[in-house]
Amino acid sequence: MMHPASSVSATLAAIKEAVLVKIIGRIVRILVVFLLLAVTALAVFVASRQKLRFDAPEPAVAGSSDSTVIARGRYIVRDVAQCGSCHGAPAAKAAYLAGGNVALSGGYKWKIPPGEFYARNITPDPATGIGSITDGKIARALRFGVGHDGRALLPFMEMQGLSDEDLVAVVSYLRVQEPVSNPVPDHHYNMLGKIVRATVLSKPVGPKTQPPHDSPRGPTEENGRYPAGSVANCWACHTQRDPNTGALTGALYTGANNFTDEENPKRTWAPPNLTSALSTGRLARFTGNAFVARFRAGRAIPGSPMPWQGFARMSDDDLRAIYRFLKTVPAVENDVGPAVVEKR
C-alpha cells in the first residue's frame with residue numbers, strides 16, 4: 001500500500017509536469033506565431049521591392065554616322081567588350097567562337113542559383129530590340145545600370161566605366177546593325193533570386209569613379225587600366241565571386257575556380273591568377289612580347305570560355321598596355337588549380 005506522503009509527492013510531481021508541458025506548449029505557440037509573422041513580413045518586404053524604379057541621369061549621348069566613330073564602336077563591341085559572348089544568338093555560337101560578327105539578338109540563358117536569366121536583344125529592332133529606346137536611355141543602362149523603364153538592371157554587364165567617347169561609339173555602332181526580330185523571355189527569379197533582388201541587388205550599380213571623357217590610348221601602364229578594368233573587364237572572370245550574388249570574394253585578378261560550363265555541367269573552368277606571383281601568377285611567366293603573341297595565337301584549349309577570338313584582334317598598343325598594367329597589380333599567391341576539370 002502506497003504511503004500517503006508518497007502519494008502526495010507523486011501528485012505534486014504530476015501537477016508540475018502538467019504545468020511545465022502547458023508552459024512549453026504556450027512558448028512553442030508564441031514562437032510559431034512570431035515565426036509566421038516574421039515570414040509574412042519578409043514576404044511582404046520582398047514582394048514590395050520587386051518593381052523598384054530609379055531616376056538616374058541620361059548621359060548626353062547621341063549616335064553618330066561618322067565612320068571613324070562607328071569603327072571604334074565595332075572594336076569595343078566585337079573585340080574588347082565581347083558583347084557577342086552574351087548577346088549573340090545562341091544558335092550562332094560556333095560562328096561567334098570562330099570570330100564571326102553574329103547578330104546581337106539575345107536569348108542566351110544563364111541558369112544560376114537565383115533563377116534563369118536571359119541576355120536581351122540589342123539589335124535595332126523596334127519591337128523586340130533597342131530600336132524604340134533613345135540613345136540617352138541606352139547610355140544610361142550602360143553607365144548607371146538603369147533600364148529604359150527605370151528598373152535596376154542585373155550587374156551582369158559591367159560597362160559602367162566606359163569613357164564618354166566609347167559610350168557614343170558603342171551606341172553609334174549598335175544603331176547601324178541589322179534589326180533582328182527575336183522576342184526574349186523575361187528573367188525568372190526563384191525565391192532566392194527574389195530575396196537577392198530585394199536586398200543586395202536592389203539598387204543599380206553605377207561607376208565607382210568618374211569615367212574619362214576620352215578613351216586612353218597608347219601602350220602605357222596607366223592606359224592599360226582602362227581596357228582591363230572597364231572594357232575587357234579582365235577582373236570580372238579572373239576574380240573569385242559569390243555564386244548567389246556575383247559579389248567579389250577574392251582579390252582582384254588573382255583567379256577563380258568552379259566556373260561551371262553552361263554546355264557541359266560536368267566540366268568546370270578556373271580562370272588563372274593574372275598577378276606576377278612567382279608560383280601561381282600567370283604574368284610571372286610572360287614578357288610583353290610573349291603576352292601579345294599568346295593573344296594572337298587564340299584559343300589553345302577547346303571550349304575555353306576566354307573569348308580569344310575577339311581579343312586576338314585587339315591592337316598591339318592595348319595588349320601591351322594591359323600587360324604593363326597587370327604587372328603593377330599586387331602579386332598574390334593563389335592556386336586555382338588546373339584550367340579545366342572534367343568531373344566523372
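Preceding this paragraph is the structure being described.
Presented here is a report on the structure given in the accompanying data block. Remember, it's a predicted structure, so these values are computed and weren't measured experimentally.

Let's shift gears to the overall build of the chain. When helices and strands are counted, the chain shows 12 helices and six strands. Against the compact-globule benchmark of 20 Å for 344 residues, the chain has a radius of gyration of 27 Å, which places it well outside the compact range. Principal-axis analysis of the C-alpha atoms gives the chain an extent of 110 × 50 × 40 Å. The proportion of buried residues among the 344 residues of the chain is 38%. Long-range contacts, defined as pairs at least 24 residues apart, comprise 65% of the intrachain contacts of the chain with a sequence gap of at least 6. Summed over all atoms, the accessible surface of the chain reaches about 18,700 Å², with 62% contributed by carbon and sulfur. The distance from the centre of the 39 positive side-chain charges to the centre of the 28 negative ones in the chain is 9 Å.

Next up on the list: the pattern of salt bridges. Using the criterion set out here, one finds 12 salt bridges in the structure. A salt bridge links Asp 79 to Arg 313, with the nearest nitrogen and oxygen atoms 2.8 Å apart. Here Asp 79 is found in helix α2 (residues 67-80), whereas its partner Arg 313 is found in the loop between α11 (308-311) and α12 (316-326), with 234 residues between them in sequence. In this structure, Glu 222 engages Arg 225 in a salt bridge whose closest nitrogen and oxygen atoms are separated by 3.6 Å. Within this pair, Glu 222 and its partner Arg 225 are both found in helix α8 (residues 221-231), separated by three residues, close to a single helical turn. Within this structure, Arg 74, Asp 79 and Arg 313 form a network of salt bridges that share partners.

You can see Asp 318 is positioned in helix α12. Arg 72 provides the closest opposite charge to the buried, salt-bridge-free Asp 318, at an N-O distance of 4.9 Å. A polar side-chain atom of Asp 318 sits 2.7 Å from a polar atom in the side chain of Tyr 75.

Side chains that are three or four residues apart share a direction in an α-helix, a result of its 3.6 residues per turn. The complete set of buried residues in helix α10 (residues 288-297) reads Gly 288, Phe 291, Val 292 and Phe 295. Buried residues in α10, looked at end-on, bunch into an arc of 95°, giving them a common side. Exposed residues pointing more than 90 degrees away from the buried face of α10 are listed as Asn 289 and Ala 297. Packed against the buried residues of α10 are α11 and α12. After α10 finishes, the residue Gly 298 shows a positive phi value of roughly 80°.

Sheet analysis places strand β1 (residues 109-112) next to strand β2 (residues 115-118), joined by four bridges and oriented antiparallel. Bridge assignment links Trp 110 to a residue of β2, and that residue is Phe 117. Counting the residues that bridge the hairpin from β1 to β2 gives two residues. Here two bridges tie β2 to strand β3 (residues 188-189), and the two strands are oriented antiparallel to one another. Across the sheet, residue Gly 115 finds its bridge partner in β3, namely Tyr 189.

Here we come to the sheet that holds β1. Sheet architecture is open: three strands sit in the order β1-β2-β3, paired in antiparallel fashion. If you trace the sheet from one side to the other, it starts and ends with β1 and β3, each paired once.

Turning our eyes to something else, we now look at α8. Among all positions in α8, only Asn 223, Gly 224, Tyr 226, Pro 227, Ala 228, Ser 230 and Val 231 are buried. Tucked into the core, α8 has its buried residues touching α2, α6 (164-175), α9 (234-237) and α12. One or two residues past the end of α8 sits Asn 233, with phi positive at roughly 55°.

What follows covers the sheet that holds strand β4 (residues 259-260). Read from one edge to the other, the open sheet built from three strands follows the order β4-β5-β6, with strand pairing classed as antiparallel. Edge positions in the open sheet fall to β4 and β6 (340-342), since each of these has one partner strand only. Alignment of β4 against strand β5 (residues 267-269), held across two bridges, turns out to be antiparallel. Bridge assignment links Thr 260 to a residue of β5, and that residue is Thr 268.

What follows is about the environment of Ala 339. As for its placement among the helices and strands, Ala 339 is situated in the loop between α12 and β6. Classification of Ala 339 as partly exposed rests on a relative accessible area of 33%. Spatially, the C-alpha atom of Ala 339 lies 9.0 Å from that of Ile 301, the residues being 38 residues apart in sequence. In this view, Ala 339 contacts Thr 268, Trp 269, Ala 270 and Ile 301; residues no more than four positions away in its chain are not counted.

Rules and cut-offs
- Residues numbered from 1 in each chain as written.
- Predicted model: local features only at pLDDT ≥ 70, side-chain atom pairs only at ≥ 80, totals over all residues.
- Heavy atoms only, no water.
- Helix = DSSP H or I, 4+ residues; strand = E, 2+ residues; numbered from the N terminus.
- Rg over C-alpha atoms; globule rule 2.2 N^0.38 Å.
- Buried < 20%, exposed > 50% of the residue type's maximum accessible area, 1.4 Å probe, protein only.
- Contact = heavy atoms within 4.5 Å.
- Areas by Shrake-Rupley, 256 points an atom, 1.4 Å probe, with all protein chains shown as cover.
- Lys, Arg positive; Asp, Glu negative; His and termini not counted.
- Charge placed at Lys NZ, Arg CZ, Asp CG, Glu CD.
- Salt bridge = Lys/Arg side-chain N within 4 Å of Asp/Glu carboxyl O.
- Polar contact = N/O pair within 3.5 Å; in protein donor to acceptor, adjacent residues only side chain to side chain.
- Arc of directions from axis to C-beta.
- Pairing = 2+ DSSP bridges.

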